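Chain by chain, the residues run as shown.
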Amino acid sequence: MRDLALIDCNNSYCSAERIFRPDLSTAPIVVLSNNDGAVVSRSNEAKALGIKMGEVYFKIKPLVKRAGVVVFSSNYALYADISNRVMSLLANFIAKKHPRSKGTFDYNALSERQKNSVLACIPVGEIWGVGRKLSAGLQDMGIHSALALRDANIPLIRSRFGVVMERTVRELREEQCIELEDVPPPRQQIICSRSFGQHLIDIEDLREAVAHFITTASVKLRKQAGVILGAIHSQHTATQGDLFNTAIDSPLMAVLDQINEKFGRGTIRLSQDHGSRRWSMRQEQKSPAYTTNWDELPICH
Amino acid sequence: MNSPRPLSPLLAPTLLAASSIPAGFPSPCTDHAVEAIDLNDYLYLNKASTYLFRVSGDSMIGTSIHDGDTLIVDRAVAPLHGHIVVASVDGDWTVKRLDLKNKPIRLLPENERFKPIEFKDDQELTIFGVVTWNLHRLMRT
């Protein structure tokens, strides 16, 4: 059985923000999700204040004010760039075969007793693939930890939760049965949606939002499938009918994509997409795109 | 004869031959062709530890760093005495020459109108990285 290494950055989004804000290196900071809705990353200091992962932002606003927590809206462009740098550095590091540093944990080096202790400390809801509902279901059966799940009766698990949960139990028993996908299979559906920044009353705003998301989704599909869009069908007839038609129209779409890539997203839009952006997400405290935008480079004196 | 039809863009050739098919003798260049200079490689712009900063002010004018210039800063270079570095001072980034040989440690400007920045014993000096290149634009568009 092969060994798998999991590489993870501590509080990744917060850490990325701290690169350009060393003044916050020991401050409680949080990063918010789309729409500034929920907390998706917390520094250790913010964790110590009791702020939970996924906490809804407006609920913690009083605490944020009292404790001086610094809040960031998600700066996805920055995080993606930093993540790519981490991958690149890691590849370089591994290639040079440096000795192991602290901060690595080898599960395979543990004895059976040690593994049991570790698994007993992991709540069942923390396991990948066990969401809130499944976690509640398992706990009803008396399964509260990863250890308990590992040792659960497989036929019983399979009958109550299905084959996917059975595979999870087997993996906990170190039986490899979930294949690593080297190349993700072509997506059957593309999800491109956001919740709205404010309540929308006007149907035109809704139309505009949908037109915008369709464009974004189409770009994603074209990048994967080349130029043919035929597999996806719109239920309704779009006013600009050619978006979902066959390859004949695809050179036009390819040009549209190229223009938007070169001059910036949204340079050319579908006519339904007016650009009023009343529906676009709140991102009131976003840091500059330090590494991806010439106009937002950090400044030194 | 039929009137000529426009060539469909889908059929347009996407690959240009690297050299023409010889009708006479082959060009002696073909065996020696090399890739053109790539500025990204030369300036290490794609290095994972390389970042860009914009300069404000003329505290380093003596070393030809001007207001509005763009600095290439490498976090993987160990800062040594005499290096020009970008450092954090009072919550702002500053570009200065690093003086590690004297006590206390100082950040030196290259402009008479500016004073050196001193770091006393208990003060922490945070260096973002070492400046490897300065990009100074000559022709304004």
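Residues numbered from 1 in each chain as written. Chains lettered and ligands numbered in written order. Predicted model: local features only at pLDDT ≥ 70, side-chain atom pairs only at ≥ 80, totals over all residues. Heavy atoms only, no water.

Engineer: Hey, could you go over the overall build of chain A for me, with residue numbers and the actual values?
Structural biologist: Scanning chain A for helices and strands turns up eleven helices and four strands. Out of the 301 residues in chain A, the part that is buried amounts to 31%. For chain A, the accessible surface area stands at approximately 20000 Å², while carbon and sulfur atoms represent 55% of it. (Helix = DSSP H or I, 4+ residues; strand = E, 2+ residues; numbered from the N terminus. Buried < 20%, exposed > 50% of the residue type's maximum accessible area, 1.4 Å probe, protein only. Areas by Shrake-Rupley, 256 points an atom, 1.4 Å probe, with all protein chains shown as cover.)

Engineer: Account for the overall build of chain B, with residues named and values stated.
Structural biologist: Broken down by element type, chain B carries one helix and seven strands. Each helix and strand of chain B, placed in order from N terminus to C terminus, yields the pattern α-β-β-β-β-β-β-β. Looking at chain B residue by residue over its 141 residues, the buried ones come to 26%. Restricting the contact set of chain B to residue pairs at least 6 apart, pairs at least 24 apart contribute 50%. With the model as given, the accessible surface of chain B reaches about 10600 Å², and the carbon-plus-sulfur share is 56%. (Contact = heavy atoms within 4.5 Å.)

Engineer: How would you summarise the confidence of the model for chain B if you had to cite specific residues and measurements?
Structural biologist: Close inspection of predicted coordinates is inappropriate for parts of the model with low pLDDT. Residue and element names in this part refer to chain B. Per-residue confidence for chain B averages 86 on the pLDDT scale, and 83% of its residues sit at or above 70. For residues 12-17, every residue scores under 50 in pLDDT, and the model assigns this stretch zero contacts once sequence neighbours within four places are set aside. What the predictor reports for the complex is a pTM of 0.65 with an ipTM of 0.77. (pLDDT = per-residue confidence, 0-100.)

Engineer: Before we move on, can you summarise the packing of aromatic side chains with the specific residues and values?
Structural biologist: The full count for this structure, using the stated rule, is eleven aromatic pairs over all chains. Measuring from centroid to centroid gives 4.2 Å for F20 of chain A and Y290 of chain A, while their planes differ by 15°, and the two rings are stacked. On the criterion of sequence distance, the pair formed by F20 of chain A in the loop between α1 (12-19) and β1 (29-32) and Y290 of chain A in the loop between α11 (250-263) and β4 (299-300) is long-range, its members being 270 residues apart. On the basis of relative accessible area, F20 of chain A is assigned to the buried category, the value being 4%. Relative to F128 of chain B, the ring of F53 of chain B lies with its centre 4.9 Å away and its plane at 75°, an arrangement referred to as edge-to-face. With F53 of chain B in strand β1 (residues 50-55) and F128 of chain B in strand β7 (residues 126-135), the pair connects residues that are 75 residues apart, well separated along the chain. (Phe/Tyr/Trp six-rings, centres within 6.5 Å; stacked < 30°, edge-to-face > 60°.)

Engineer: Can you explain the sheet that holds β1 of chain A? Please cite residues and give values.
Structural biologist: Residue and element names in this part refer to chain A. Strand order in the open sheet formed by three strands is β2-β1-β3, with mixed pairing between adjacent strands. The open sheet has two edge strands with one neighbour each: β2 (39-42) and β3 (70-73). Taken pair by pair, the neighbouring strands of this sheet meet at an average axis angle of 25°, ignoring direction. Relative to β3, β1 runs parallel, the two sharing four bridges. By the bridge assignment for β3, I29 is matched with V70. Against the sheet, α1 makes contact with β1, β2 and β3, and its axis sits at roughly 115° relative to β1, the strand it touches most. (Pairing = 2+ DSSP bridges. Axes fitted to C-alpha atoms, helices over the stretch in contact; angles between N-to-C directions.)

Engineer: If you had to explain the interface of chain A and chain B to someone new, which residues and values would you point to?
Structural biologist: In this complex, chain A contributes 16 residues to the contact, which on the side of chain B involves 24 residues. Interface area, chain A with chain B, both sides summed: about 1700 Å², of which 65% is carbon and sulfur. Considering only the side of chain A, the residues that lose the most area to chain B are R85, C300 and H301 of chain A, jointly responsible for 37% of the buried surface there. Taken together, chain A and chain B are joined by zero salt bridges. Put simply, chain A and chain B have ten residue pairs in polar contact (both at pLDDT 80 or more) between them. If one sorts the elements of the side of chain A that touches chain B by residue count, helix α4 (residues 76-95) of chain A sits on top with four residues. Looking at the side of chain A that touches chain B, its residues break down into eleven nonpolar, three polar and two charged. Direction of pairing for β4 of chain A relative to β1 of chain B: parallel, over a ladder of two bridges. (Buried area = accessible area lost by both parts, 1.4 Å probe. Salt bridge = Lys/Arg side-chain N within 4 Å of Asp/Glu carboxyl O. Polar contact = N/O pair within 3.5 Å; in protein donor to acceptor, adjacent residues only side chain to side chain. Nonpolar A, V, L, I, M, F, W, Y, C, P; charged D, E, K, R; others polar.)

Engineer: Before we move on, can you summarise the pattern of salt bridges with the specific residues and values?
Structural biologist: For the coordinates displayed, the defined rule picks out 13 salt bridges over all chains. With a closest N to O distance of 2.9 Å, K115 of chain A and E174 of chain A form a salt bridge. Residue K115 of chain A is found in helix α5 (residues 112-120), and its partner E174 of chain A is found in the loop between α9 (163-172) and α10 (203-225); the two are separated by 59 residues along the sequence. Between R113 of chain B and D58 of chain B there is a salt bridge whose closest N-O contact spans 3.4 Å. In this pair, R113 of chain B is assigned in the loop between β5 (105-108) and β6 (117-119) and D58 of chain B in the loop between β1 and β2 (70-74), connecting sequence segments 55 residues apart.

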